[in-house]
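A structural walkthrough
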Amino acid sequence: MASQPLPLSQETLAQFNRSMAPEPGASGPPRRRLGSISTRRSSKDQSKDQPHHRPLSLRGKTVPSSESSFLSTKISNSHISMGRRFSFAGWHQGGRVSFSGLYLQQPIQEVYVENTYRMGPEPGCHFSASRTRQILQATLDSYLEGVCYSPDSCSQLCQILADLFLSKLKDVNPPRYKLVCQVVVGQSGKQGIRVASRSLMNPNTDNYTSAVFQNHSLFAVALVHGMYFE
Amino acid sequence: MDDDQSAEETAFVVDEVSSIVKESLEAVIGRNPYEQKRVNQWVSSVVEQCLGQLSKLSKPFKYIVTCIIMQKNGAGLQSASSCFWDNTTDGSCTVRWENKHLYCIVSVFGLAI
């Protein structure tokens, strides 16, 4: 993530900070302009029903002018961490902020997600290991029937299978569950192989399941973990 | 400054995790050849050591550690993973390791809570 080029030029940032800096007695709400950047990130995560804490480094802080350059670095760093999801087209086109520091459009309102006070998954909404295993097994059997191992195609096959499992499981996935799906495909030779996994999780809410397929030329192991997002 | 530090403390640091994994692989397997009887124990030890070291980091993460050990016999092996998670807070690290007699792939997934 850190290798992406800085999206804003230093000059642009310096100008922006100069426009923001000279307001020592400013109250909370005007500072939220910086928070408008973080809003677009948090809107993506709204589905998780979580007040999004991570980009809070920019939110609600009074910025003395001496710290403005520090904040500019922070802006660019947190932009980097968001990578692809935040479009900078607006900055480059000048669609959002003019160089005088005035917003040309309405600033995006900060969206606060209310606390759900939920301590665990709802009854009946747990990660179902048996149903997941059925899906995995059926998909493996249907997809790999009669397939021969070849080094060129099987690397793509492996990735396609992993994405396929994920798309199928997302439909039956209970809310607030994160999924990790791993697929291992190997050539059926006379070698020995061992696949094992262990996890640090909450056994009341989290679970895993696996499925195996084998034919004359290849074997495949699919492993799916469902983790409750607290 | 505080937010910066707390962001580092709660982020999934790939370098840190991969060094933990490499250390445990060197310690458990080292230069041993593939032995059918011992591989079960190796896999358990590698995974347990990794998990132990990861939990000592005291980060707010749930971890999944997967280990594959395969004998070097000329056969091919592919591994892929896909995850449905939050890209900003969660991360993974895969370490490929080998010695003269076996291949080992260890994947660590960290999901923020």
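Residues numbered from 1 in each chain as written. Chains lettered and ligands numbered in written order. Predicted model: local features only at pLDDT ≥ 70, side-chain atom pairs only at ≥ 80, totals over all residues. Heavy atoms only, no water.

- Labelled according to an unreviewed UniProt entry, chain B appears under the name Dynein light chain Tctex-type 1, originating from Cyprinus carpio carpio.
- You can read under Subcellular location (unreviewed entry) in the UniProt record for chain B the words "Cytoplasm, Cytoskeleton". (UniProt positions renumbered as here; feature names shortened; annotations may be inferred.)

- Under an unreviewed UniProt entry, the name given to chain A is Tctex1 domain-containing protein 4, and the source organism is Cyprinus carpio carpio.
- UniProt annotates chain A under Sequence similarities (unreviewed entry) with the comment "Belongs to the dynein light chain Tctex-type family."

Some thoughts on the packing of helix H2 (residues 14-28) of chain B against helix H3 (residues 36-56) of chain B
Residues and elements named next belong to chain B.
- One can describe the packing of H2 onto H3 by two numbers: an axis separation of 9 Å at closest approach and a directional angle of 145°. At the point where H2 passes H3, the crossing takes the right-handed sense. Along its contact with H2, which presents Val-17, Ile-20, Val-21, Ser-24, Leu-25, Ala-27 and Val-28, the element H3 presents Trp-42, Ser-45, Val-46, Gln-49, Cys-50, Gln-53 and Leu-54.
- Looking at side-chain class alone, the contact of H2 with H3 contains ten nonpolar, four polar and no charged residues. (Axes fitted to C-alpha atoms, helices over the stretch in contact; angles between N-to-C directions. Helix = DSSP H or I, 4+ residues; strand = E, 2+ residues; numbered from the N terminus. Left-handed = near helix turned anticlockwise from the far one by under 90°. Contact = heavy atoms within 4.5 Å. Nonpolar A, V, L, I, M, F, W, Y, C, P; charged D, E, K, R; others polar.)

Focus on unusual backbone geometry
- With a phi angle near 65°, Arg176(A) is a residue other than glycine that sits in the positive phi range.
- Backbone geometry places Ser58(B), a non-glycine residue, at a positive phi of 55°.
- The class of Ser58(B) is exposed, set by a relative accessible area of 63%. (Buried < 20%, exposed > 50% of the residue type's maximum accessible area, 1.4 Å probe, protein only.)

Section: the sheet that holds strand S1 (residues 61-71) of chain B
- Read across the sheet, four strands follow the order S2(A)-S1(B)-S4(B)-S3(B) without closing on themselves; strand pairing throughout is antiparallel. Here the strands that pair on one side only, and so sit at the sheet edges, are strand S2 (193-200) of chain A together with strand S3 (91-98) of chain B. Here the strands of the sheet are splayed against their neighbours by 10° on average, with no regard to which way each runs.
- Sheet topology places S2(A) next to S1(B); eight bridges connect them, and they run antiparallel. By the bridge assignment, Val195(A) is partnered in S1(B) with Ile68(B).
- Packing against the sheet, H2(B) makes contact with S3 and strand S4 (102-112) of chain B, and its axis sits at approximately 35° to S3(B).
- Helix-sheet contacts for H3(B) involve S2 of chain A together with S1 and S4 of chain B, and the interaxial angle to S1(B) is about 155°. (Pairing = 2+ DSSP bridges.)

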